[in-house]
Each structure stands twice: as C-alpha cells, then as structure tokens.
Amino acid sequence: MNKTEVYSWRLSLPMKVALEEAAKKQRMSIAKLLESVVDEWLSEFYKTDNSHDNEEQARRHKAAAICFGAFAGGDPKRSENVRHTLRARLTKRCAR
C-alpha cells in the first residue's frame, strides 16, 4: 500500500530511545514499527464489545422511525397542489 499521509507528534526523549531500540531489535524502521503497533491496537479496538453502541443505535432508529415515509396530513395531493396553495396563502397574507 502506498503511503501518502504524514502524521507527526512530539515524544519524550526516553520514549524516542525506546522506540529506536525496539525498531532495531525488530530489524525494522521506526515508521514500520509504529504502523505495526497502531495496526494491532486498531484491530483490538474494533474487536471490543460494542453491544451498548448497537443498543443505542437501535433506540435512536426506533425514535426516528416515526418520521419515516410520507408526512402525515389530510391532503394526499398536497405536493401536486403546492404552487396553488402557496400562492393562495401569500395572496391572503399580502391582502392584510
């Protein structure tokens, strides 16, 4: 995979030395070591139990479901008559 993005951050000297030593022991660059560590961490992060998130998503979906579909109203041809209705309302408002 081509690497096109750059991310940098500041480290304490002991952390930098530890990273350099670990990379040397693993016979890889610091960048490759960091990519490996982040990849492993992200894999574990996304394996975690997210049932609470699923429950929250289901609750939100249920709450929003009442708005799905057509708008409730007494005129099924409201969208077809919107121009006429709007003009009538504006005429009435301007006549005041």
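Keep in mind that this is a model prediction, so the values were computed, not measured. (Residues numbered from 1 in each chain as written. Predicted model: local features only at pLDDT ≥ 70, side-chain atom pairs only at ≥ 80, totals over all residues. Heavy atoms only, no water.)

Undergrad: Provide a residue-level description of the packing of aromatic side chains, including the pertinent values.
TA: Inspection of every chain in the model, using the stated rule, returns three aromatic pairs. Seen in terms of ring centroids, Tyr-7 and Trp-9 are 5.6 Å apart; in terms of plane orientation they differ by 45 degrees. Their pairing is tilted. Look at Tyr-7 and you get exposed, because its relative accessible area is 68%. Assessed through its relative accessible area of 43%, Trp-9 is described here as partly exposed. Ring centres of Phe-45 and Tyr-46 lie 5.0 Å apart, and the angle between their planes is 85 degrees; this geometry places the pair in the edge-to-face category. (Phe/Tyr/Trp six-rings, centres within 6.5 Å; stacked < 30°, edge-to-face > 60°. Buried < 20%, exposed > 50% of the residue type's maximum accessible area, 1.4 Å probe, protein only.)

Undergrad: Hey, could you go over the pattern of salt bridges for me, with residue numbers and the actual values?
TA: Opposite charge on two side chains permits pairing when their charged atoms draw close. Summed over the entire model, instances satisfying the criterion amount to five salt bridges. Glu-56 is the salt-bridge partner of Arg-60, the closest N and O atoms lying 3.0 Å from each other. Here the residue Arg-60 and the residue Glu-56 both occupy positions in helix H3 (residues 51-65), the gap between them amounting to four residues, near one helical turn. Assessed through its relative accessible area of 52%, Arg-60 is described here as exposed. Relative accessible area serves as the criterion here: at 23%, Glu-56 is assigned to the partly exposed category. Two residues, Lys-77 and Glu-80, come together in a salt bridge whose shortest N-O distance is 3.9 Å. (Salt bridge = Lys/Arg side-chain N within 4 Å of Asp/Glu carboxyl O. Helix = DSSP H or I, 4+ residues; strand = E, 2+ residues; numbered from the N terminus.)

Undergrad: An account of the layout of surface pockets is needed here, citing residue identities and associated values.
TA: In this structure, the largest pocket encloses a volume near 400 Å³. Lining the largest pocket we find Met-1, Asn-2, Lys-3, Thr-4, Glu-5, Val-6, Tyr-7, Trp-9, Ala-31, Leu-34, Glu-35 and Val-38. Grouping the amino acids of the lining of the largest pocket by side-chain chemistry returns seven nonpolar, two polar and three charged. (1 Å grid on protein atoms, 1.4 Å probe; cavity = no way out; pocket = protein on both sides within 12 Å on 5 of 7 lines; lining within 4 Å. Points joined across faces, edges and corners; volume = space filled by probe spheres on them. Nonpolar A, V, L, I, M, F, W, Y, C, P; charged D, E, K, R; others polar.)

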